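Observations on the model geometry
Residues per chain, in single letters:
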Amino acid sequence: MFASELAKPSSLCLGAVDAESSRLVGYLIISRYVDAWHVMNVAVEPARRRQGIASLLLNRLFELTAGRSRRGYTLEVRVSNAGAIRLYEELGFRPRGVRRGYYTDNREDALIMWKDPVSEPARS
C-alpha cells in the first residue's frame, strides 16, 4: 500500500533532510481524492521528534496545495496518539468521527480529523 501511494500521480511526497548529515529525518505523503487531500503518512525519525519537523512538513504542504481543494484535508490518527492529535489540532484539524478497529496490527480505533481548505499560502 505504501509503495502504491508513492507511485500515484495524485500523490505528493515531501521530505525533511538534515542539513549537516543529508539524512532523511521525516516525510509526508498525501493523496488527492476528487476535492479533498488525504494525509496518508507523516513520519519523523524518533530521535528528531518534537523539534517541529512534522509541523514544517504539514505547513509546507498547505503552502503547496493552497487553493487546490474544495473540502480541505483529512487524516486518520490512532486514538492513543495524543501527541499527534495535539499537533494536528494546533494546525487546524478537528475531530469529525472514529473508524472502529481501523489499524490492522492491533485493531485500534482511528480518529478521523478534517481541516478546512487553505485558500492562499500564508504570508511570512
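In this report, we go over the structure that sits alongside the text. (Residues numbered from 1 in each chain as written. Predicted model: local features only at pLDDT ≥ 70, side-chain atom pairs only at ≥ 80, totals over all residues. Heavy atoms only, no water.)

On to the environment of leucine 56. For leucine 56, the position within the fold is in helix 2 (residues 53-65). On a C-alpha basis, the gap between leucine 56 and alanine 16 in space is 8.4 Å, while along the polypeptide they are 40 residues apart. (Helix = DSSP H or I, 4+ residues; strand = E, 2+ residues; numbered from the N terminus.)

Right, let's talk about the sheet that holds strand 1 (residues 11-17) for a bit. Taken in spatial order, the six strands of this open sheet run 1-2-3-4-6-5, and their pairing is mixed. The sheet is open, and its two borders are formed by strand 1 and strand 5 (94-99), each paired with just one other strand. Within the sheet, the average angular offset between the axes of one strand and its neighbour, ignoring direction, is 25°. With seven bridges connecting them, strand 1 and strand 2 (residues 24-33) associate as antiparallel partners. Its bridge partner lying in strand 2, cysteine 13 is registered against isoleucine 29. The sheet strands contacting helix 2 are strand 1, strand 2, strand 3 (36-44), strand 4 (72-78) and strand 6 (110-115), and the helix crosses strand 1 at an angle near 140°. Here helix 3 (residues 82-90) sits on the sheet in contact with strand 3, strand 4, strand 5 and strand 6, set at roughly 165° to strand 4. (Pairing = 2+ DSSP bridges. Axes fitted to C-alpha atoms, helices over the stretch in contact; angles between N-to-C directions. Contact = heavy atoms within 4.5 Å.)

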